[in-house]
Amino acid sequence: MAALPVLLLSLVLLLLAGCGGPGAAGQRRKEMVLSEKVNQLMEWASKRSVIRMNGDKFRRLVKAPPRNYSVIVMFTALQPHRQCVVCKQADEEYQILANSWRYSSAFTNRIFFAMVDFDEGSDVFQMLNMNSAPTFINFPAKGKPKRGDTYELQVRGFAAEQLARWVADRTDVHIRVIRPPNYAGPLMLGLLLAVIGGLVYLRGSNLDFLYNKTGWAFAALCFVLAMTSGQMWNHIRGPPYAHKNPHTGQVNYIHGSSQAQFVAETHIVLLFNGGVTLGMVLLHEAATSDMDVGKRKIMCIAGIGLVVLFFSWLLSVFRSKYHGYPYRYGSL
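Note that the coordinates shown come from a computational prediction; the quantities given were computed from them, not determined experimentally.

Quick notes on the rules
Residues numbered from 1 in each chain as written. Predicted model: local features only at pLDDT ≥ 70, side-chain atom pairs only at ≥ 80, totals over all residues. Heavy atoms only, no water. Helix = DSSP H or I, 4+ residues; strand = E, 2+ residues; numbered from the N terminus. Buried < 20%, exposed > 50% of the residue type's maximum accessible area, 1.4 Å probe, protein only. Contact = heavy atoms within 4.5 Å. Areas by Shrake-Rupley, 256 points an atom, 1.4 Å probe, with all protein chains shown as cover. Pairing = 2+ DSSP bridges. Right-handed = clockwise from strand over helix to strand, strands pointing away. 1 Å grid on protein atoms, 1.4 Å probe; cavity = no way out; pocket = protein on both sides within 12 Å on 5 of 7 lines; lining within 4 Å. Points joined across faces, edges and corners; volume = space filled by probe spheres on them. UniProt positions renumbered as here; feature names shortened; annotations may be inferred. Phe/Tyr/Trp six-rings, centres within 6.5 Å; stacked < 30°, edge-to-face > 60°. Lys NZ or Arg CZ within 6 Å of the ring centre and 35° of its normal.

What follows covers the overall build of the chain. When its secondary structure is counted, the chain shows twelve helices and six strands. Residues classed as buried in the chain amount to 33% of the 332 residues present. When contacts within the chain are restricted to residue pairs at least 6 apart in sequence, long-range pairs at least 24 apart make up 66% of them. Split by element, the accessible area of the chain, about 20,900 Å² in all, is 63% carbon and sulfur.

This brings us to the pairing of strand 2 (residues 70–76). Counting buried positions along strand 2 gives seven out of seven residues, so the element sits mostly inside the fold. Because side chains alternate across strand 2, one face comprises the buried residues Ser70, Ile72, Met74 and Thr76, and the other comprises Val71, Val73 and Phe75, equally buried. When strand 2 meets strand 3 (residues 111–117), the two strands line up parallel, connected through seven bridges. Looking at strand 3, one finds that Phe75 is bridged to Val116. Read as a crossover between parallel neighbours, the route from strand 2 over helix 4 (residues 85–102) to strand 3 is right-handed.

Structurally, Gln89 can be placed in helix 4. Judged by its relative accessible area of 24%, Gln89 is partly exposed. Taking the C-alpha atoms as reference, Gln89 lies 8.7 Å from Tyr241; in sequence the two are 152 residues apart. Apart from residues lying up to four places away in sequence, Gln89 is in contact with Phe158, Pro240 and Tyr241.

Before going further, it helps to spend a moment on empty space enclosed by the protein. Over the atoms, a rolled probe matching the size of one water molecule traces out where space is still vacant. A complete count under the given rule lists one cavity of 30 Å³ or more for this structure. Considering only enclosed or pocket space, the largest cavity measures out at about 50 Å³ in volume. Surrounding the largest cavity, Ala45, Ser49, Ile51, Ala98, Trp101, Arg102, Phe107, Ile111, Phe112 and Phe113 form its lining. Listed by contribution, the elements that provide at least two residues to the lining of the largest cavity are helix 4 and strand 3.

Before going further, it helps to spend a moment on the UniProt feature "transmembrane region" (unreviewed entry) in the chain. Per the UniProt record, "transmembrane region" (unreviewed entry) is annotated on residues 183–202, 214–233, 268–286 and 298–318. The distance from the first to the last C-alpha atom of residues 268–286 is 27 Å, and the span holds 100% helix and 0% strand.

One pass over the full model with this rule turns up 14 aromatic pairs. With 5.4 Å between their ring centres and 85° between their planes, Phe310 and Trp313 make a pair best called edge-to-face. Taken together, the residues Phe310 and Trp313, both in helix 12 (residues 293–321) and three residues apart, mark about one turn of the helix. Three or more aromatic residues joined by ring pairs form one cluster here, namely Phe58, Phe75, Phe118, Phe125 and Phe139. In this structure, Lys57 is placed above the aromatic ring of Trp44, and the distance from its NZ or CZ to the ring centre is 4.6 Å. Over the aromatic face of Phe107 sits the side chain of Arg102, whose NZ or CZ is 4.9 Å from the ring centroid.

Encoded structure:
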């Protein structure tokens, strides 16, 4: 009878050894949960490159462990009544980035792209103390998001190429952005060539219009104004058109930093530079034309007024971006 307890103890030890103990059971349970999460995300990603999430999906698949994958989440407000123009523009670029990754030969389950709309997951916004949209956050495979895991939208803009660089920096996943074909450029070039060809055909051998200094000067002036106002920066960075404060509803057309700008700001600066240029042209004409003195005086007064008005507005824009700038138009 004394051997019976020993036999029972041996059987228990053998069973524990065969099962791997409580720790092994917990590990297997984690692996099963993780496998279910990855399979679920892969199924959704196969149907839509950007996975739409509500509060429950976000907490279960993004916040709750275990997780061995990164999730890039765009927090946005796309419903029409929100009137978030920037959100729509950012969503288009985000879709391009996610599609480029989804259809890439290097596609893996290391990273997923998701979206939380305010009207579908307002509780997530409250949980993260988030009060602006759009916002991009990387939730890494291990640990919580750090400061660099929040994308600096106001500095970098939301172009897909800029987002891809940030994703590569945070996750080591390099995405080659592939944009859908854009036929606007070739069509405009074809239209321009057609217009030029039509003019040449109509004018026949008379090509004096090609030597028109005024026409070439006007074309060169338009090009210079476009470049000095920041059009090339917009093309490279892809900034938003303007920014709407989600609390007050106020729309800002001028960026408050000297390191960035809005598209609307470019148009405003272009208009102001054009006004100053027009004023200078009127002053030049007033000084060199053969018109009577009365008309020349009117042109001179109009030119001075345009230069003073638009140059003072340019200085105001400059002061709003370079805080502490000490000069005003009246002090020059």
